Amino acid sequence: MSTQHEPQPSTERLEQAVRAAETALIEYEIAVETFRIEVENFSRLHQQRLGPVYQRLDELDAEIAEAVAARTGDPDDVRKARQARAAVAPMPGVDELLGGWLQSEGMSPEAHAMLTDASVTPPQRVRPSEEARRRYRELMRKAHPDLVTDEAERARREEFVVRVNRAYADGDEDALAALAEEWAAGPRPEPDPLTRGEELYARLEWLAARKEWLSQVAADLENSAIGSMLKLADDDPDGLLAQISEQLATQVREREARLADLRAGR
């Protein structure tokens with residue numbers, strides 16, 4: 001009695017499947033990374049441009065609460081005024097304790113850059129220019145670490161990609177162009193020759209696991225407060241900052257008018 005065996009995919013078909021999976025994964029990684037950079041840039045610009053406005057709103061809320069408490073003398077109003085003032089009062093002694101490394105809004109840009117390898121200079125835009133995006137995608141498709149399995153070459157690519165990501169986050173087209181020249185002039189080993197049989201299956205499993213992990217990263221980004229805001233303004237994330245700024249300016253004017261009325265006894 002003959003035993004029937006399931007037909008196994010040919011090595012050539014497996015190689016094609018691995019190539020297709022690698023290409024799809026890299027494109028997905030590029031999409032996730034570009035969105036991550038936009039989230040980070042939006043957060044930094046939001047704090048840089050609108051942080052002082054939020055501080056002004058907190059100060060106005062405290063002054064309004066204090067004016068109300070002074071008028072009514074109600075213990076509950078007095079408690080609310082103290083809470084509002086405590087929210088804007090700086091913590092005493094922190095700057096002195098840390099030798100000036102902290103500012104009122106948090107770690108200084110220089111200190112943050114030393115610890116995170118981030119740029120000291122804030123980005124000019126949430127979304128880098130189309131030219132920067134084009135250069136970035138081209139570099140990532142050529143230099144992506146997932147194209148190789150050799151550990152030394154992978155480490156070299158990972159270090160290079162960190163610099164590419166930094167230049168892209170800053171929207172620095174000249175730096176991206178210089179990195180493209182550096183990559184073209186440097187060692188350019190071909191992607192690893194695809195192994196056979198079981199190792200190809202292992203490579204497919206690794207690519208699938210990597211895609212699953214990236215999907216979770218993407219979901220976390222999209223579900224974050226900043227990510228959710230960006231998804232609502234996908235066509236013009238920089239315009240969203242201007243819109244928020246206008247809304248906050250309106251709130252400042254309303255609170256200033258309310259405070260003026262309270263102080264005038266109205």
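In case you missed it, the structure is sitting above this.
As a starting point, this report considers the structure included with it. Owing to the predicted nature of the structure, the values given are computational and were not obtained by experimental measurement. (Residues numbered from 1 in each chain as written. Predicted model: local features only at pLDDT ≥ 70, side-chain atom pairs only at ≥ 80, totals over all residues. Heavy atoms only, no water.)

## Considerations on the nonpolar core
Val 39, Phe 42, Val 126, Leu 230, Leu 241 and Ile 244 are the most contacted members of the largest nonpolar core, which totals 29 residues. At the level of elements, α1 (11–72), α8 (197–223), α9 (225–232) and α10 (237–263) are the ones that each hand at least two residues to this core. The dominant element in this core, judged by the number of residues it contributes, is α1, at 13 residues. Once you skip the residues sitting within four places of it in the chain, Leu 230 turns out to touch Phe 35, Glu 38, Val 39, Phe 42, Val 126, Pro 237 and Leu 240. (Core = buried A, V, L, I, M, F, W, Y, C linked by side-chain atoms within 4.5 Å. Buried < 20%, exposed > 50% of the residue type's maximum accessible area, 1.4 Å probe, protein only. Helix = DSSP H or I, 4+ residues; strand = E, 2+ residues; numbered from the N terminus. Contact = heavy atoms within 4.5 Å.)

## Concerning the side chain of Glu 153
Following the sequence through the fold, Glu 153 ends up in helix α6 (residues 151–169). At a separation of 3.0 Å, a polar atom in the side chain of Glu 153 contacts the side chain of Arg 156. (Polar contact = N/O pair within 3.5 Å; in protein donor to acceptor, adjacent residues only side chain to side chain.)

## A look at α8
Compared with an ideal rise of 1.5 Å per residue, which puts 27 residues at 39 Å, α8 spans 40 Å between its outermost C-alpha atoms and is within 8% of the ideal. Burial in α8 covers these residues: Leu 200, Arg 203, Leu 207, Leu 214, Ala 218 and Leu 221. Buried residues along α8 sit against α1 and α9. (Expected span 1.5 Å × (residues − 1).)

## What to know about the environment of Glu 12
In this fold, Glu 12 is placed in helix α1. Owing to a relative accessible area of 52%, Glu 12 belongs among the exposed residues under this scheme. Separated by 185 residues in the primary sequence, Glu 12 and Gly 197 place their C-alpha atoms 9.9 Å from one another.

## Some remarks on the packing of α1 against α10
Axis separation between α1 and α10 bottoms out at 10 Å; the angle between their running directions is 15 degrees. One way to sum up the angle between α1 and α10 is to call them roughly parallel. Crossing angle aside, the handedness with which α1 passes α10 is left-handed. Per-class residue counts for the contact of α1 with α10 are 18 nonpolar, three polar and ten charged. (Axes fitted to C-alpha atoms, helices over the stretch in contact; angles between N-to-C directions. Parallel < 35°, antiparallel > 145°, perpendicular 65-115°, else oblique. Left-handed = near helix turned anticlockwise from the far one by under 90°. Nonpolar A, V, L, I, M, F, W, Y, C, P; charged D, E, K, R; others polar.)

## A few points about the environment of Asn 165
By secondary structure assignment, the location of Asn 165 is in helix α6. Here Asn 165 falls in the buried class, since its relative accessible area comes to 14%. Residues Asn 165 and Ile 37, 128 residues apart in the sequence, show an inter-C-alpha distance of 8.1 Å.

## Considering helix α2 (residues 75–88)
End to end, α2 covers 21 Å across 14 residues, agreeing with the expected 20 Å (1.5 Å per residue, within 8%). Along α2, the positions that sit buried rather than exposed are Asp 77, Ala 81 and Ala 84. Mapping the buried residues of α2 onto a view down its axis gives an arc of 65 degrees, with all of them on the same face. In this structure, α2 carries Pro 75, Arg 82 and Ala 86 as exposed residues pointing more than 90 degrees from its buried face. (Arc of directions from axis to C-beta.)

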